[in-house]
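Survey of secondary and tertiary structure
Each chain is listed here by its residues.
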Amino acid sequence: MATVKVTTPISPEEIAKLKAGDQVFITGVIYTARDAAHKRLVELVEQGKELPFDIKDQFIYFVGPTPAKPGKVIGSAGPTTSYRMDKYSPTLLDLGLRGMIGKGSRNQEVKNSMVKNKAIYMAAVGGAAALIARSIKEAEVIAYEDLGPEAIRRLQVEDFPVIVVNDTHGNDLYEQGAAKYEIVD
Amino acid sequence: MRELHVDKIIDTVEKMVQDGNFDLGRDVENAFRKALSTEESEQGRDVLNQLLENVDIARRERVPICQDTGFAVFLVELGQDLHIVGGGLNDAINEGVRRGYKNGYLRKSIVGHPLERINTGDNTPAIIHIDIVEGDQLKMHFAAKGGGSENMSFLKMMKPSDGVEGVKDFILECVKTAGPNPCPPIVVGVGIGGTFEKAAYLAKKSLFREIGTRSEKEDIAQLEEELLEKVNKLGIGPQGFGGRTTALDVHIEIYPAHIASLPVAVNINCHAGRHKEAVL
């Protein structure tokens, strides 16, 4: 398990070097989207319309932050549970989405799509939202302001900490980790 | 009869919801430190250290521990000799939630209709459970209940013949199914007995107990200990990355059951067990 620094956008060749269990520090732009925004994005794709941002080689962060206090860039901003996005993620991966950041397991269809499209899934530490917010340097709502916490934001991040859960080779940290520490009586 | 004006309730609730979201209870923080001394996984220890650092930042800067500042859940004990004046109790609690979530820059996470899904914009309505008790005081317990862990909750109407072994298997299966999703290390809240809704309520109520407290019933206290040990053998670990600390505690509440029924509810809490209590 390595410690790696990456910059977005990121190519399929670079992403393939990351392995399940790696500690990754992300610098660059990442986009936020959770339940309601995903629904709208996929509806746009189904209608053959353009997405509000260029998704190719980018990362999406599943988060709905708290409102920023005066003078702050953003409020607390930890990951939300990812499986609720499973229905939508393969469509976005097919468009070149390179990585997703959230917490919790993905279904087999999403895992297969990540291997096929050379993309990865990363976990940020759920509930460490005040700490995580420190690595977010800029935040701007770029779509769906009416969704409030669920609006799509463009975040500029520096050394944003994540752990690779699913890599492009089909490995899954959650399965490996639990198997390693399980005690069977 | 003692009178209590709703303005006092509103002010108290406004403060409670903010303090609850900024200032993690010492019981949870101490449980993190205890887990740190026993966790074998390096990634697991790393997660626990980050959680401790996060708690410290949130407390010092008065910012939310987690961006999911929760459904505002209240367990209220209303003394039967107390007269609330100036308005309704439910309205007062909701007004306190409204002000607290707005003025505290907490996230508004409630949609007004579960199918239409339009955000109410002020985190109301709260979930309010009221118990009438003796005395002339108003006791309010608040919990900020996150959606991620709430979603990893289950209820089964078991058969009396399933017995305690069946109950244990079901609880372990729930924790296993939840896996990394509810932000482990978790607290497992269990309600056994009563009716369908009573079991669910008991599971929720058990999560309001401090970590480390045991049931007053000796057999149930033993069951809590046994299940905690079993849950922590599953290997899920902090954030599901693998490790020894899957749960910080298991709490069980029971109630008499129908001769035909053995309801079991499992309500999971994430590690950020945010609670506050006030007595007026």
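That block above? That's the structure.
The sections below set out a description of the structure shown in this document. (Residues numbered from 1 in each chain as written. Chains lettered and ligands numbered in written order. Predicted model: local features only at pLDDT ≥ 70, side-chain atom pairs only at ≥ 80, totals over all residues. Heavy atoms only, no water.)

1. Some details on the overall build of chain A
For chain A, the count of helices and strands is six helices and seven strands. Listed by position from the N terminus, the elements making up chain A come as β-α-β-α-β-α-β-α-β-α-β-β-α. The C-alpha atoms of chain A give 16 Å as radius of gyration, which agrees with the globular expectation for 185 residues (16 Å, within 12%). The C-alpha extent of chain A, read off along each of the three principal axes, is 50 × 40 × 35 Å. Counting every position in chain A, which comprises 185 residues, the buried fraction comes to 59%. Considering only contacts in chain A between residues 6 or more positions apart, those separated by 24 or more positions represent 63%. Of the roughly 7,600 Å² that chain A leaves accessible, carbon and sulfur atoms contribute 49%. (Helix = DSSP H or I, 4+ residues; strand = E, 2+ residues; numbered from the N terminus. Rg over C-alpha atoms; globule rule 2.2 N^0.38 Å. Buried < 20%, exposed > 50% of the residue type's maximum accessible area, 1.4 Å probe, protein only. Contact = heavy atoms within 4.5 Å. Areas by Shrake-Rupley, 256 points an atom, 1.4 Å probe, with all protein chains shown as cover.)

2. So, the overall build of chain B
Counting its regular elements, chain B contains eight helices and 10 strands. Scaling as 2.2 N^0.38, a compact globule of 280 residues should have a C-alpha radius of gyration of about 19 Å, and chain B matches this with 19 Å. Its C-alpha atoms give chain B principal-axis dimensions of about 55 × 50 × 40 Å. Counting across all 280 residues of chain B, residues that qualify as buried make up 57%.

3. With respect to the pattern of salt bridges
A side chain with one charge may pair with a side chain of the opposite charge, provided their charged atoms come close. Under the counting rule described, the total for this entry stands at 42 salt bridges over all chains. Of the charged contacts, one joins A:E43 and A:K39 as a salt bridge, the two residues approaching to 3.3 Å between their closest N and O atoms. Of this pair, A:E43 and A:K39 both sit in helix α2 (residues 35-46), four residues apart, which is roughly one turn of that helix. For A:E43, a relative accessible area of 32% corresponds to the partly exposed category. When the shortest N-O distance is used, the salt bridge between A:E175 and A:K111 registers 3.1 Å. Linking A:E175 in helix α6 (residues 173-181) with A:K111 in helix α4 (residues 108-117), this pair joins segments that are 64 residues apart in sequence. Owing to a relative accessible area of 51%, A:E175 belongs among the exposed residues under this scheme. If you follow the salt bridges from partner to partner, you end up with B:D23, B:R26, B:E29, B:R33, B:R59 and B:K276 in one network. (Salt bridge = Lys/Arg side-chain N within 4 Å of Asp/Glu carboxyl O.)

4. Examining the interface of chain B and chain A
Of the residues lining the interface, 43 residues belong to chain B; the matching set on chain A comes to 44 residues. Overall, the association of chain B and chain A removes approximately 3,500 Å² of surface from exposure, summing both partners, and the carbon and sulfur fraction of that is 56%. Linking chain B to chain A there are two salt bridges. Between A:K72 and B:E61 there is a salt bridge whose closest N-O contact spans 3.9 Å. Taken together, the connections running from chain B to chain A amount to 19 residue pairs in polar contact (both at pLDDT 80 or more). Among the elements that make up the side of chain B that touches chain A, the one with the highest residue count is helix α3 (residues 42-61) of chain B (10 residues). (Buried area = accessible area lost by both parts, 1.4 Å probe. Polar contact = N/O pair within 3.5 Å; in protein donor to acceptor, adjacent residues only side chain to side chain.)

5. A short note on the sheet that holds strand β7 (residues 186-194) of chain B
Residues and elements named next belong to chain B. If you walk across this open sheet you meet the four strands as β6-β9-β7-β8, and the pairing is mixed. Strands at the two margins of the open sheet, each flanked by one partner only, are β6 (154-158) and β8 (247-257). Ignoring which end each strand starts from, the neighbouring axes of this sheet average 15° apart. Bridge count for β7 against β8 is nine bridges, and the pairing is parallel. Its bridge partner lying in β8, I192 is registered against I254. Lying on the sheet, helix α6 (residues 163-178) is in contact with β6, β7 and β9 (262-269); it crosses β9 at an angle near 30°. (Pairing = 2+ DSSP bridges. Axes fitted to C-alpha atoms, helices over the stretch in contact; angles between N-to-C directions.)

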